[in-house]
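# Structural features, examined
Here is how the chains run, residue by residue.
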Amino acid sequence: MPGSAVSMLVRYAPLAVLSAAAGLDAGGVAVLNSALPSMGTHFGTSAQNLSWAVTGYALAFAGLLLWGGALADRLRRRRVLAWGLATVVAGAVLACAASAFWLVVAGRVLQGAGAAITMPAATALLTSVYPSGPMRSRALGVFSAAQAGCYGAGLVLGGVITSALGWRWVFALQALAAVLTAVAAVRWLPRGTQHRRTRLDGTGTGALVAAIVLIVLSADTGSRAGGGPLAGVLLAAAAVSGYVWSRRGRSRGGDAVVLDRGLLRLPGVRTATVVAGAFYFCVTGTLFLLPLYLQQVRGMSPASSGLAVLPVSLAVAAAALLSGRLMKSYGPRPLLASGIVLTAGGVLLWCTVGAHSPYAGAVLAGLIVTGIGQGVTFPALTATGLRDVPGQAHGTASALTTTALQLGSAVGPTVLAGAGQAVGAGGGDALSLAGFHFAFAAAAGLLLLVGLPAAARLGRTTTPG
């Protein structure tokens, strides 16, 4: 092999491996959606019970992200990445071989835990392999585009695999992909160094994990009929757990806390955390509602509505690649602000749709504009969250941003659906057209009111940590 080809392989192979590791999570979530109906038929379980395959994953992922970030900042990052991928494999094998639906849920919880370990390690490795500068900006663009591309591919492949081979093959192929990624990680990623040997404060860590899990669980509970009172209790318990973590943070003694509150005093980390929560509240909530509009108001089938939303993933992937290049010249702040405006603008286009509006009009235009906004925002959000953060803390900082993202994703669909339902209900439990319009407007308005001021307060430094 010529020397130039070897040099290119050494330079870009780590990026391909890390992008594959991140894409496993995004693709794994999307590919499961198409398999759930077949699972329900096989096990004879209700749609409400089926949702636990999604909720269980989200609980483990959101709850353990900061712990995964702490591991990435204390141990050899390649080893942590391999552990995370091995956990994903174990969960996929358990779900694939499940004889009862609760075993599928257990497998999904394991997969969520594996993703919580994998994602912070992959992000931290990306920033250590590609130091600050043009190459890192380009790498962040590819990293984000891979996640969007895998999500879009998952939407299509899930239905194809389930129809051709059965739902168990969805998990079997996930396991195979994770194994191949782990092998490639050992081959192409640097071993890394072990930064800290301090013991984590178990009580404080448990309290913080409990608070995050309780918030996600309360959002899921609140979305179910009659779940409001229990959701309130869970939120109160989350507040108590958060208070315990806060007190332990002040009196940690010789043990290390899972989240150093000093990180929250860094402007970039604060901005990324606030914007990530608001951004994913808007994006996840509206992309949850849009297929419902297409089915309940426009009369599309579930399969058709799923394919109708696919252009957003293609737009995200293309824009993320371009964003990585633009960030080299302009830094993350203008891209972050532009992405927020584009995303909110695309959502506002959906406020103009009617009961018989053509798909090729405001619906498709909103998907493309919103997708471009997301693709521009993702790399800038990652770079902002790592800005001024020491290299040895990149795992925790990236986990903090991703945790805020997950919390926004968990709360967005429930709150926006409830707001739309309050404004106007259609037949049965369906939202009226006015309800959809109000929910879209509320999501876009919140993103602009929270995201733009946060981005404006960010300084002009262009390179992360």
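Residues numbered from 1 in each chain as written. Predicted model: local features only at pLDDT ≥ 70, side-chain atom pairs only at ≥ 80, totals over all residues. Heavy atoms only, no water.

## Regarding the overall build of the chain
Basically, it comes down to this: Numbering of helices and strands starts at the N terminus; helices are DSSP runs of H or I of at least 4 residues and strands are runs of E of at least 2. Categorising residues by exposure relies on relative accessible area from a 1.4 Å probe, with only protein chains included: less than 20% of the type maximum marks a residue as buried, more than 50% marks it as exposed, and the intermediate range marks it as partly exposed. Computed with the Shrake-Rupley method and a 1.4 Å probe, the accessible areas treat only the protein chains shown as cover for residues.
From N to C terminus, the chain includes 15 helices and zero strands. Taking all 465 residues of the chain together, 51% fall into the buried category. For the chain, the accessible area works out to roughly 18300 Å², and carbon and sulfur atoms hold 67% of it.

## A short note on the packing of helix 3 (residues 52-74) against helix 14 (residues 394-423)
The cut-off we apply is this: Every angle, taken between N-to-C directions, lies between 0 and 180 degrees, and every axis is a line fitted to C-alpha atoms, over only the stretch in contact when it is a helix. Put simply, angles under 35 degrees are roughly parallel, angles over 145 are roughly antiparallel, angles from 65 to 115 are roughly perpendicular, and the rest are oblique. A contact between two residues is defined here by any heavy atoms of the two lying within 4.5 Å.
Interaxial distance between helix 3 and helix 14 falls to 7 Å at its minimum, and their mutual angle equals 170°. Here helix 14 runs roughly antiparallel to helix 3, going by the angle between their axes. Across from F61, A62, L65, L66, G69, A70, A72 and D73 in helix 3, the residues of helix 14 making contact are H394, G395, T396, A399, L400, T402, T403 and Q406.

## Description of the pattern of salt bridges
Worth spelling out the cut-off: Salt-bridge detection follows one rule: a side-chain nitrogen of Lys or Arg within 4 Å of a carboxyl oxygen of Asp or Glu.
Taken as a whole, this structure holds two salt bridges when the rule is applied. In this structure, the salt-bridge partner of R77 is D73, at a minimum N-O distance of 3.1 Å. As far as the burial class goes, R77 and D73 line up, both buried. As a salt-bridge pair, D388 and R387 come within 3.6 Å of each other at their nearest N and O atoms. Overall, the relative accessible area of 7% leaves R387 in the buried class.

## A look at the packing of aromatic side chains
Rules: Geometry of aromatic contacts follows a simple scheme: Phe, Tyr and Trp rings, the Trp one being its six-membered ring, pair when their centres are within 6.5 Å, and the pair is stacked under 30 degrees between planes, edge-to-face over 60, tilted otherwise.
Summed over the entire model, instances satisfying the criterion amount to ten aromatic pairs. Relative to F378, the ring of Y280 has its centre 5.8 Å away and its plane inclined at 15°; by these criteria the two rings are stacked. Remark: F378 occurs in helix 13 (residues 359-386) and Y280 occurs in helix 10 (residues 267-297); sequence separation between them is 98 residues. Aromatic ring contacts, followed pair by pair, group F43, F101, W167 and F171 into a single cluster.

## Regarding a nonpolar patch on the surface
Quick note on the threshold: The patches described consist of residues with a relative accessible area above 30% and no salt bridge, like charges being joined within 9 Å and nonpolar side chains (Val, Leu, Ile, Met, Phe, Trp, Tyr) within 5 Å.
Nonpolar side chains collect at one region of the surface, where L165, W169, L173, L176 and L180 lie side by side and expose about 490 Å² of accessible area between them. Here L165 is to be found in the loop between helix 6 (134-164) and helix 7 (168-188).

## As for helix 13
Going by this rule: In this scheme, a helix's expected span is set at 1.5 Å multiplied by one less than its residue total.
Over its 28 residues, helix 13 runs 39 Å from end to end, which matches the ideal 40 Å to within 8%, given 1.5 Å per residue. Just downstream of helix 13, D388 is the residue with a positive phi angle, here 65°.

## Digging into unusual backbone geometry
Peptide bonds are trans in most cases, and residues, glycine excluded, mostly fall at negative phi. Phi at D388 is positive, roughly 65°, even though this residue is not glycine. If you trace the backbone, D388 turns up in the loop between helix 13 and helix 14.

## Remarks on the side chain of S398
In this fold, S398 is placed in helix 14. Setting aside residues up to four positions removed in sequence, S398 forms contacts with P120, T123 and L386.

## Some words on the nonpolar core
Across soluble globular proteins, nonpolar side chains show a tendency to be buried alongside one another. Keep this limit in mind: For the purposes of this section, nonpolar cores are sets of buried Ala, Val, Leu, Ile, Met, Phe, Trp, Tyr and Cys residues that join through side-chain atoms within 4.5 Å.
Formed by 98 residues in total, the largest nonpolar core has its most connected members in L18, L81, L126, L289 and L290. The element best represented in this core is helix 10, accounting for 14 residues. Those residues in contact with L81 that sit more than four places away from it in its chain are L18, A21, T118, A121, A122, L125, A185 and L189. Residues F43, A98, V104 and A175 belong to the second largest nonpolar core, which totals 23 residues.

## What about the confidence of the model for the chain?
Any segment with low pLDDT has predicted coordinates that should not be analysed in fine detail. Short version of the rule: The predictor reports its confidence for every residue as pLDDT, a score running from 0 up to 100.
Looking at the chain, the pLDDT average stands at 82 and 88% of residues meet or exceed 70. Predicted confidence for residues 251-255 stays below pLDDT 50, and this span has four contacts to residues more than four positions away or in other chains. Within the model, pLDDT remains below 50 along residues 461-465, and this stretch shows 20 contacts once partners closer than five positions in the same chain are excluded.

## Notes on the packing of helix 14 against helix 15 (residues 433-456)
Where we set the bar: Crossing handedness is read from the near helix: turned anticlockwise from the far helix by less than a right angle, it gives a left-handed crossing, and turned clockwise, a right-handed one. In the scheme used here, Gly and all other residues not listed as nonpolar or charged are polar, with Ala, Val, Leu, Ile, Met, Phe, Trp, Tyr, Cys and Pro taken as nonpolar and Asp, Glu, Lys and Arg as charged.
Remark: helix 14 packs on helix 15, axes separated minimally by 7 Å, with the N-to-C direction vectors making an angle of 135°. Here helix 15 runs oblique to helix 14, going by the angle between their axes. Handedness of the helix 14/helix 15 crossing: right-handed. Counted together, L416, A419, G420 and V423 of helix 14 and A434, G435, F438, A439, A442 and A443 of helix 15 form the full contact between these two elements. Class assignment of the residues belonging to the contact of helix 14 with helix 15 gives a composition of eight nonpolar, two polar and no charged.

## Examining helix 8 (residues 202-222)
Counted at 1.5 Å a residue, the expected span for helix 8 with its 21 residues is 30 Å, and the 30 Å between its end C-alpha atoms agrees. Of all the residues in helix 8, the buried ones are G204, T205, A207, L208, A211, I212, L214, V216, S218, A219, D220 and T221.

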